[in-house]
Amino acid sequence: MEFDVGARLKQIREQHGLSQRALAQRAGVTNGTISLIEQNRSSPSVSSLRKVLQGIPMTLAEFFSSDDLPPPEQIFFKGGELIELAGELKGTVGQISFRQVGDLRSRNLQILHERYAPGADTGRTMLQHEGEEGGIVIKGQIELTVGDRKQLLGPGDAYFFDSRVSHRFRNIGEVECELISACTPPYL
């Protein structure tokens, strides 16, 4: 089942009583950007959608959540119970998947199972937010840029940095990259 990013954005924008133009002004994007996303004529990068949602304000987790979230007190999670946050979001070239462990309504730590298709990129606009994040590459390779530092990480390699520093993830390899990450406070 595909997640309809455009329909969801329109629904949320209208629930908040915002016109496309008003949301665009609040988010610092053009109203054409909002229109194209809502019509599913543009597949936004993770950073672009996050920027739009800041105009509401809303996190990516809230945007992609549904009423059938697991109960907040749940401790153990089967693979099928992880919450897909990225839906049909595409990076610059390839698909990105962020699967979250549990419901964050009562949590201060976000744990993600991330997958980047070959060519996937979180976007030319570098990510930047409060907190710290870290992760370990399980398979494939990911190019991580943090500030003016860049490193290609492979299986078993890890990262840990202050998320207030601009950062970007890109799979420049020819196979899918898979990693496990944690961020506090939750970002997506």
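Just so we're clear, the structure is a prediction, and the values are computed from it rather than from any experiment. (Residues numbered from 1 in each chain as written. Predicted model: local features only at pLDDT ≥ 70, side-chain atom pairs only at ≥ 80, totals over all residues. Heavy atoms only, no water.)

K.L.:
Can you break down the layout of surface pockets residue by residue, with the values?
P.N.:
Each pocket or cavity is described by its volume, and for the second largest pocket that value is around 200 Å³. For the second largest pocket, the full set of lining residues is Leu144, Val146, Arg149, Lys150, Gln151, Leu153, Tyr159, Phe160 and Phe161. Every element with two or more residues in the lining of the second largest pocket is listed here: strand 5 (142–146), strand 6 (149–153) and strand 7 (158–162). For the lining of the second largest pocket, the element with the most residues is strand 6, which contributes four residues. For the lining of the second largest pocket, the per-class residue count stands at six nonpolar, one polar and two charged. (1 Å grid on protein atoms, 1.4 Å probe; cavity = no way out; pocket = protein on both sides within 12 Å on 5 of 7 lines; lining within 4 Å. Points joined across faces, edges and corners; volume = space filled by probe spheres on them. Helix = DSSP H or I, 4+ residues; strand = E, 2+ residues; numbered from the N terminus. Nonpolar A, V, L, I, M, F, W, Y, C, P; charged D, E, K, R; others polar.)

K.L.:
Account for the packing of helix 2 (residues 20–27) against helix 3 (residues 31–38), naming residues and giving values.
P.N.:
At a closest axis distance of 8 Å, the pairing of helix 2 and helix 3 adopts a crossing angle of 115°. Regarding helix 2 and helix 3, the two cross each other, and that crossing is right-handed. Along the contact surface, helix 2 presents Gln20, Arg21, Leu23 and Ala24, while helix 3 presents Asn31, Ile34, Ser35 and Glu38. For the contact of helix 2 with helix 3, the class distribution of residues is three nonpolar, three polar and two charged. (Axes fitted to C-alpha atoms, helices over the stretch in contact; angles between N-to-C directions. Left-handed = near helix turned anticlockwise from the far one by under 90°. Contact = heavy atoms within 4.5 Å.)

K.L.:
Which residues make up helix 2, and what are the values?
P.N.:
Inspection of helix 2 places Leu23, Ala24 and Ala27 among the buried residues, and these make up the whole buried set. Looking down the long axis of helix 2, one finds its buried residues gathered within 100° of arc, a one-sided arrangement. Exposed residues on helix 2 whose side chains face more than 90 degrees from its buried face are Arg21 and Gln25. Among the structural elements, helix 1 (5–15), helix 3 and helix 4 (46–54) are those in contact with the buried residues of helix 2. The first or second residue beyond helix 2 is Gly28, which carries a positive phi of 75°. (Buried < 20%, exposed > 50% of the residue type's maximum accessible area, 1.4 Å probe, protein only. Arc of directions from axis to C-beta.)

K.L.:
Go over the side chain of Asp121, please, and point to the residues and values.
P.N.:
The residue Asp121 is located in the loop between strand 3 (110–116) and strand 4 (132–139) in this model. On the accessibility criterion, Asp121 (4% relative accessible area) is buried. For Asp121, the side chain forms a polar contact with the main-chain nitrogen of Gly123, separated by 2.9 Å. A distance of 2.4 Å separates a polar atom in the side chain of Asp121 from a polar atom in the side chain of Arg168. (Polar contact = N/O pair within 3.5 Å; in protein donor to acceptor, adjacent residues only side chain to side chain.)

K.L.:
Tell me about the nonpolar core, residues and numbers included.
P.N.:
Counting residues in hydrophobic clusters, the biggest one holds 39 residues, and the most contacted among them are Leu9, Phe63 and Tyr116. Viewed by domain, this core spans two of them, domain 1 (5–65) and domain 2 (83–184), each represented by three or more residues. (Core = buried A, V, L, I, M, F, W, Y, C linked by side-chain atoms within 4.5 Å. Domains from an automatic or database assignment.)

K.L.:
So what's going on with the environment of Ile37? Residues and values would help.
P.N.:
Checked against the element boundaries, Ile37 lands in helix 3. Classification of Ile37 by relative accessible area gives buried; the value is 2%. Each C-alpha atom, one on Ile37 and one on Leu49, is 9.0 Å from the other, the two residues being twelve residues apart in sequence. When sequence neighbours within four positions are dropped, the list of residues in contact with Ile37 reads Val5, Gly6, Leu9, Ser42, Pro44 and Val52.

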